[in-house]
Structures are given as C-alpha cells and as structure tokens.
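Reading the structure
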Amino acid sequence: MNAPTDPTLLERKDALQGLGDSRLRKEDARFIQGKGNYVDDIKLPGMLHMDIVRSPYAHARIKSLDKSAALKVPGVIAVLTADDLKPLKLHWMPTLAGDVAAVLADGKVHFQMQEVAVVIAEDRYAAADGVEAVVVEYEELPVVIDPYAALEPGATVIREDLAGKTSGAHGAREHPNHIFTWDAGDASATNAAFATAPVTVKQHLFYPRVHPCPLETCGCVASFDPVRGELVTYMTSQAPHVVRTVVSLLSGIPESKVRIVSPDIGGGFGNKVGVYPGYVCAIVASIVLGKPVKWIEDRVENISSTAFARDYHMDGEIAATPDGKILGLRVHVIADHGAFDACADPTKFPAGMFHICSGSYDIPAAYCQVKGVYTNKAPGGVAYRCSFRVTEAVYLVERMVDVLAQKLGLDKAEIRRRNFIRKEQFPYKSPFGFEYDSGDYATALEKVLTAVDYTALRAEQAAKRADPHCPTLMGIGLVSFTEVVGAGPSKMCDILGVGMFDSCEIRVHPTGSAIARMGTISTGQAHATTYAQIIATELGIPSEVIQVEEGDTSTAPYGLGTYGSRSTPVAGAAIALAARKIHAKAKKIAAHLLEVGENDLDWEIDRFNVKGDASRHKTMKDICWAAYNNVPAGMEMGLEAVHYYDPPNFTYPFGIYLCVVDIDRGTGETRVRRFYALDDCGTRINPMVIEGQIHGGLTEGFAVAMGQQMPFDAQGNLLGNTLMDYFVPTFVETPHWETDHTVTPSPHHPIGAKGVAESPHVGSIPTFTSAVVDAFAHLGVTHMTMPHTSWRVWQQLQASGVAL
Amino acid sequence: MAKKLISVKVNGRVQDKAVEPRTLLIHFLREELNLTGAHIGCETSHCGACTVDVDGHSVKACTHLAVQCDGSEVLTVEGLASLAKDGGVLHAVQEGFYKEHGLQCGFCTPGMLIRAYRFLQENPSPSETEIRAGMAGNLCRCTGYQNIVKAVQYAAAKLQQTEKVTA
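Residues numbered from 1 in each chain as written. Chains lettered and ligands numbered in written order. Predicted model: local features only at pLDDT ≥ 70, side-chain atom pairs only at ≥ 80, totals over all residues.

1. Digging into the overall build of chain B
The criterion, for reference: The helix and strand labels rest on DSSP assignments: H or I over at least four residues marks a helix, E over at least two residues marks a strand, and numbering proceeds from the N terminus. Just to be clear, the radius of gyration here is over C-alpha atoms, and the globule rule we use is 2.2 Å times residues to the power 0.38. Burial in this document is a count-based property: other C-beta atoms within 10 Å of a residue's C-beta are tallied, and the residue is buried at 20 or more, exposed at 12 or fewer, or partly exposed in between, with C-beta positions derived from the backbone.
What chain B contains, in helices and strands, is five helices and five strands. Starting at the N terminus, the α and β elements of chain B follow one another as β-β-α-β-β-β-α-α-α-α. On C-alpha atoms alone, chain B measures out to a radius of gyration of 16 Å, which is about the 15 Å that the 2.2 N^0.38 rule sets for 167 residues. Taken over the C-alpha atoms alone, chain B extends approximately 50 × 35 × 25 Å along its principal axes. Buried residues in chain B amount to 56% of all 167 residues.

2. Some points on the nonpolar core
Generally speaking, a soluble globular protein has its nonpolar side chains buried in company with each other. All names here are of chain A. Selection criterion: In plain words, the nonpolar core is the set of buried Ala, Val, Leu, Ile, Met, Phe, Trp, Tyr and Cys residues that C-beta atoms within 7 Å link up. We call two residues in contact when the distance between their C-beta atoms, placed using the backbone, is within 7 Å.
One finds V119, I535 and I575 to be the most contacted residues of the largest nonpolar core, which totals 311 residues. If you tally residues by element for this core, the top one is helix α16 (residues 567-594), at 12 residues. In this structure V119 touches M50, D51, V53, A70, V76, V79, A127, G130, V131 and V134, once residues within four positions along its chain are discounted.

3. Here we look at the sheet that holds strand β3 (residues 51-54) of chain B
Residue and element names in this part refer to chain B. How we decide: Here, a strand pair is defined by DSSP locating no fewer than two bridges between the strands. Axes here mean lines fitted to C-alpha atoms, for a helix over just the part in contact, with angles spanning 0 to 180 degrees between N-to-C directions.
Ordered by their spatial adjacency, five strands build an open sheet running β2-β1-β5-β3-β4, and the pairing between neighbours is mixed. Of all the strands in the sheet, the pair left with one neighbour each is β2 (13-19) and β4 (57-60). Ignoring strand direction, the axes of neighbouring strands in this sheet form an average angle of 40°. Bridge analysis of β3 against β4 gives four bridges, and the strand direction is antiparallel. Along β4, the bridge assignment pairs D53 with S58. Each of β3, β4 and β5 (73-75) is contacted by helix α3 (residues 109-122), which is oriented at about 35° to β3, the strand it contacts most.

4. Considering the interface of chain B and chain A
Here is the rule: The residue classification treats Ala, Val, Leu, Ile, Met, Phe, Trp, Tyr, Cys and Pro as nonpolar and Asp, Glu, Lys and Arg as charged. All others, Gly included, are polar.
On the side of chain A, 40 residues touch chain B, which itself brings 42 residues to the contact. Secondary structure elements with two or more residues in the side of chain B that touches chain A: α2 (92-99), α3, α4 (128-134) and α5 (146-166) of chain B. Sorting elements by how many residues they give to the side of chain B that touches chain A places α2 of chain B first, with four residues. Of the residues assigned to the side of chain B that touches chain A, the class counts are 20 nonpolar, 16 polar and six charged.

5. Some thoughts on the sheet that holds strand β6 (residues 108-109) of chain A
Residue and element names in this part refer to chain A. As summarised here, the arrangement of the three strands in space is β6-β2-β8, forming an open sheet in which the pairing is antiparallel. In this open sheet, the two strands that pair with only one neighbour each are β6 and β8 (135-140). In terms of strand pairing, strand β2 (residues 60-66) meets β8 through six bridges, oriented antiparallel. Paired with D66 across the bridge in β8 is V135.

6. Here's the deal with the domain arrangement of chain B
Residues and elements named next belong to chain B. Selection rule: These domain limits were set by an automatic method or by a database of domain assignments.
Parsing chain B into structural domains produces domain 1 (4-79) and domain 2 (81-162). Contact residues are listed per partner, giving 17 residues for domain 1 and 13 residues for domain 2. Its residues assigned to classes, the side of domain 1 that touches domain 2 comprises seven nonpolar, nine polar and one charged.

7. Concerning the pairing of strand β1 (residues 48-54) of chain A
Residue and element names in this part refer to chain A. Most of β1 sits out of view: seven of its seven residues are buried. What you see with β1 is no split at all: L48, M50, I52 and R54 on one side and H49, D51 and V53 on the other are buried throughout. Here three bridges tie β1 to strand β16 (residues 293-296), and the two strands are oriented parallel to one another. Its bridge partner being in β16, H49 is matched across the sheet by K294. In the sheet, β1 pairs with strand β7 (residues 115-121) via six bridges, with the strands oriented antiparallel.

8. Notes on the packing of helix α11 (residues 390-408) of chain A against helix α19 (residues 759-776) of chain A
To describe two helices that pack against each other, one gives the angle between their axes and the distance between the axes. Residue and element names in this part refer to chain A. The condition is simple: Should the near helix be turned anticlockwise from the far one by less than a right angle, the crossing is left-handed, and should it be turned clockwise, the crossing is right-handed.
Packing of α11 against α19 brings their axes to within 9 Å, and their N-to-C directions diverge by 35°. By crossing handedness, the relation of α11 to α19 is classed as right-handed. Along its contact with α11, which presents V390, T391, V394, Y395, E398, R399 and D402, the element α19 presents H761, V762, G763, I765, P766, T769 and S770. Residue composition of the contact of α11 with α19, by class: six nonpolar, five polar and three charged.

9. Remarks on the environment of G71 of chain B
All names here are of chain B. By secondary structure assignment, the location of G71 is in the loop between β4 and β5. The exposure class assigned to G71 is exposed, which follows from the 10 C-beta atoms found within 10 Å. Linking G71 and P126, residues 55 residues apart in sequence, is a C-alpha distance of 32 Å.

10. What to know about the environment of L560 of chain A
Residues and elements named next belong to chain A. Here L560 is to be found in the loop between β27 (546-550) and α16. Taking the C-alpha atoms as reference, L560 lies 8.7 Å from Q238; in sequence the two are 322 residues apart. Each residue touching L560, except ones within four places of it in the same chain, is listed here: A239, V242, I495, V498, M500, F501, D502 and G519.

Right under this line is the structure:
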C-alpha cells in the first residue's frame, strides 16, 4: 500500500492507527494498575484449594498409600488417588502425541515429582498440610536417564503398561523403551551424494533439556455446577478450544456445557499448551465435590513436572565440494521424550517440523531420522518459543554449516553466500518437501555485514589472536536462519484430528465501533492491540474503538490457539478475510446510499468515494449506521462476518544474526559485546511490538545458550528446579540488543505477514554457540556443548591451553 | 492455628485483621485484602513478581510474613497512581512502562513498578548500569529488559521535571 501524501489523507490514516503504526498497547492500562486478571486472581464463592503429592523417586513401585492422617488435617476435605479415578477411567489420559500419560501414578512412578495423589482443602495452607500427611511407601527401581542406555538390549523397561505393544501411534516399536522412528527426505539420494562427495564433515550436537519457565506457573480454577450440569474452567492454556474438546471427550459432558476460559496469562512460551494432571484432577475434584477447586503450581512443580523442551541428541553430516557447495545433509537424532510421549506436535509429525533442517540453503539431497525414546524424566517436548522442533533443526544446520566452513578454511559469511537459496528460486521446494514462500537471504546478509563492519571485526580478531598477551578471546557468531511457522494447512496439520485453522468473528456496531473475537489467546503478544490494527486498515474504523476478545470458548469462535508463531500467520489472516467480507457488504451499502453502481466506487482509507467526485462519498461510520436501517432490497441487516482460515501453506520468516563475544581467558566469562539481529517477518503490523518481541526472544535465547539446563543425576534427581538454580537472566546479565529488518512479504498471506515472536529465540541460540566456538576456532575447536557457562568455557580454555 | 491480630496500613488505609502467624504477606495482600496486583512467581525471593514496598523498602512479599508487617506501611501497585506528583491518573513509572513498551504479559509488571518507584527515590538520576543493578532483583521473561530500562529513564526524567515545577 502506498502511503498517502495529501495532508488530510495522512491525518485520516493516522487517526486509524492501523497497519504499520507503532500503536501503544491497549492491554497495558490494566497491567500497570494491578488490574490484570490471571488465574490465581480468580476467587469463586466456596472455592477449595488443591495441592499435589509428588514422587521423590524417578522410578519406583508404590507399595502402599495411606491417606487417613491427611484426612484428619484441619481443613482437608478429600484426598484423591489413582484408585479414586479408576471408576471414572481418568487415572490415565491420552496425550497429544498418541500415547497415554498417568494422571495419578497407577502402581508405579516414572519420573521424579510425578503426581501421586491430590489433596483438596479449604485453603492453600491446609492443602499443603494435607500433602505432608499423605504417607506413601515406595520400592525403588533401576533408573534410566540416558536415552542411549534406554535402547540397550535388556535395559530396564520404563513403560510396563505398554508391554507387548509392538507398534505405537507412529509405527513399529523396536524396543520396550522405543517410542517411534520417523524420517523424512530421500535416504538413497543422500547416501549417494555422500558416497561420491569430495568433502564430508560430521559432528555430534547435544541440545540439552530446558524448560520454558514462564513467570506465571500453570494453574486452573475448575467450577462444576451440579444443577445445570455445566463445567467452567479458568486455566492457563494457550489453546482453550482444544482443551474444551479434550475435556468433553474425557468427561462425557457435552462440549456445549464445557466452557474453558484462558484469562490473562503470565507468559506461555510453549509451557501452557498441554493438558496436565493438575487440571484433570481439579476438574474431577470439582465434579465430585460440587464446588469450585483451584490448583496453582509452585515453581518447583512447574520446572520439574510440566513440559520441558529440546533434549535432542543429534548427529549431523554434510557432504560438499572443496569450494564449499553443499551436496548433501544427513541427520540422525535420538530424542529423549521422558516417561510419557506428551510432545506437542501436529499429529502426523512426531518430530514436529524438524525437517526444516536444510535451513536457508539450497541442498540437493537431504535425509533426517528421529528416534523417540522413553526415559525416567518428566514428559513434554514442547516448542519453547519456537515452532515445533524448529529450534533444534536450525541449531543443527547452522552449526553444521560452521563446521564445514572451518574444515574448508572458508569464512562463515562466504560459505552462506555460496549456499543460500537465491531470491529468484522462490517459491522454493526444499529437499524435505517444504515450499518456502519468499525470502531474500543474500540482501539481508550484506545489510548486517555492512552494519557491523564485519571486515573490521575480523581484522580486530586476527590482531587479538596474534597477540599472546591479549586477556580475551574474541569470537564472532553468524547465523542465517529460516523458520517454518503458522501451522498449518489442515491437509498436513491437525491436533487430535482437528485441523489447524484459526478463526475470527467481527461485529461492527451501528455507531461505528466494533468487536472482534478470536480463536487465539495472547500470552503477552499484544493481540488486542495488533489485531485491531489489521481491522482498522481493512475497514477504516479507528483501532481505538475496536475491542478484541480471546480465550473464552463460550464467546470466541473455535481456534487452535497461540503457539508456533501461528497467531499472525493464521488468525491474522482470518481477521483480514473476515474484515474483507464486511468491506464487501459495506461497499454494496455505500453504492445503495449513493445511488451508483459498486464499480463506480473507490475505497479511500475510511470511505467509499464516487469515482472522479470525492465530494460524493460515504464514510465507514455512515455505512455502519445504514447497515442497521437502510440496506439495499434483499440484503440482510447488520454488519458482521466470521472467517475460518485454513492456510494454504506455512510461512517462512528468516533472519541474519551476528554476535561478538569477548571471553575472559582467566575466568571463562563470556561478555556479549554486540548482538545485531536482522529479522524479516514479512509485512510489519506494529514495529514497536515486533521490536519488543525480538528483545524478549533474544533474551530467552541468551538464557538457553548461556545458562539453562535441566541436569539429572544417576538416580533421576533433577538438580535444579528452583530459580536459585535454573538460569533466568536478570537485567545485569542480559546484553543490549540491536535490531534491524528487511521486508519480504509472504505471497500467500492476505496481508503478507509471517509471524515474528519466535524467530529471535530460534535464531539467537546457534548464534551464541557460533560466537563462543569461533573464539576457539583457530585452536581447532569445532563445537562446544551448551550452555556456555563460565565453568564450561573455562574448561575449554584449559583444554586448549590458552587459560591465563 | 491460633490467629494473631495485626494492624497494617496498606495503600494509605489501616487494615486490622486476624491472620495465622504463618500467613505470607503476599497471601495476606492477595487473599485477605483482594489486592491481586502483586503476583507469586517463584516462592524463593528470586523473581520479584511479589515485590511491594514496606516502610520505604522494597520487599519480596512471598518470603515475608504478614505478622512482620504489624504496624507497618505497605504500598502495592494498586496504590501507586494515587502518588502521582503531578495529579495525573498514573504515576510517572506507570506512564513510563506504558510509553516505552516496558511490559508484555504483565505478570512481572506490578513488582517492577513498585521496585522502580522505590529505586528512583534511592537514586533519582541513575545511569543505565545503575538501573540494571538496582532493578536486578526483578525478573522478566518477556521484554529482555531493554524497554524497562527506557521506562525507568522516562520516569526519572518526568519525576525530575515535576520536582522542578513544584519546587
């Protein structure tokens, strides 16, 4: 869209605060005044509190469970165990990945902190007292923590409930601890490329288990009305409609009598996609007791038992020509899924979109294989601020390209230039079958290299390397990532059989204001602000008078929720198309009012003008009023529309990130001197919000690369499940971020937008590793395992003989 | 458990309540007084989502007992706007967070605001490094802090200007 130059037109456009404006956030007013409404803020009359008895052991049989003392604790109302749930067939529940998970431990526990029983009491203190009083006797079993050991012949069997099942939701199982083997690409073409390639490189890459750790933990308030037979549940869910369907299927309550409300959510980052035992138990307790029941996790419970991310053990190989042209990519992954396969992925993709691992490069032949494995750890495998397994895929390919560059003595920027998918190759069919919508990687790369003066940085690095007394090692990281987001086309993507469309309903009122209801739910992304901007531009209604509502299944149209950067690519498209339906009707009304044909009208910002005579016009405000009293003969009154959008393809945002680090040779401390992030998310709706999302994603990427991990000892104890141990960067550690952008719109999206919030997480993590490894590259180091803590880096300084 | 009577001035209003000795200040504020602005994020004093002001000090209310506040003055985010020096509807720190996009999910915000309010009295014209050190007891998972630093700088500038006008 060309910007108008006429001052009155500019004024009218600015009044809309539409697409492209850095509009201040509509949701802030309540948050800055302490008037947010998060799940723990909800208080219902007669509400009870639930707390959970959890296993101290990672693998043990439950010999006995005695709740009698707990029931005597003042304020305790009830204690529920698996035996209490059995008559309801709710002691196990289906997972998103086609497995089952224990709601409450049924005879044995499979991971530390697994849910064993729940206590319901009059207040949260009494519930905690009750938990202390439940006596459980355990008999310890051998623990399997290493996924490679889990696949050894004769390894301890973790899932006895699956005995004799030789196939699972994704094909044959070759071992009692094996979940699935999934592959993509062309194995024989790839093997052939490797057989004849003059150069090959291989690298093992471990992507540690991490936790999304939103500041608000998970929780719910379940309220069953026994008279009406209706269940209302307020919960921290990134996908309330899907939860409603699951709850209805599990409970037998008609979906029309189940209402799930996601109130304000204190961050999600993938952690709030799944259905956890706590939710199920609170709902059961409310149904059984006929009172509202609140369950709120504490931080230890959140980190220990709700969905983790990553835990991928990857072997990457690249075949190439001597001048660095990649001929083939081969990847084998062992994926540690924990004790139950509760990965959150579209049904047909047990490793998510891992096969985006050919990245931004034109690779003729590629193959990847992922084996899912059970271990005695918590279930999960969610996308922590990324689209399904895209972070792992991008890490793999970006690291491997660096490894190849090092082997060939080529510069990191140069090897990328030589292998980029060129601008004119889009739409580009990847060797794994994705059709990349649009991109211009080379232009973005040069923009970044110029902005940071890459040549000067390399010269500075060379000088420092030449100086044996230099107190620091300097490293430069460079990444050129492509994401696949906006899941997704229903022909490929579904969750529990429901296609991954999204939806929008818009009602325009007689006085010219409007309400839009959505199937998504903001966890901080400013939907109420940015969705209104799309409508404002489409309909010429000021965004200030457009209300956006999400998260309440009783009012919002069915949607698949917010994760995998799908809100703008999928729901954003639904908004634009719903608005266009209204626009089309508005045009008919305008033609009727002006007594001209529709073809005689031009749209201009907020009105229809008669062609050649702008003095004859009808504003959107005029039309809104007329829609309720003066419509053409045969037209229905009113001005509203619903659109369910099934995307024709994914979107493919990309970016070029560059990072400069200085490593203290005495302490191993890594200082991020500079981080330059160029993102291309297609059309930009609100630059202020985009920049904020990028800052946040980069900071979460920094956390993963530099400090986050969930280490387990041999007994399966998680050695770090409080914020004392689990790294969340503060103001002090967090680097300063520089942002930049190019704009390559998506050709298949109604407004050309691609999604942005996850790119900085996906892209930054390999950039940090690339920078840290680069500091040691001249010493022959090709890879270092995350997180790059001072201790680990110091060990590398020692090993490389450069410690001071 | 036997309850103890306490008298606490919260946001300018005296509250006489009977509480269990073990009741945490955060639960007293949120559940007894329905002041749900401050949140619980970690229960170990690390995240600062529960930060309130007690007798002129920033306090993590998740590890502070309500009975410790007997006779104290407590300020929570709900009382902040009434302290706006220029008679505006928002305090300068609230305005700064809004104008500089210093929040996203909003969960850490009440604690951040109350800490920023106190910090700017401890140091009315801080450098960026001082802001980062002075606010480091409050965690945010969404913003990456950069815009919160700007928000605090905005508030510092506005408060100094207001001082000048009123002086």
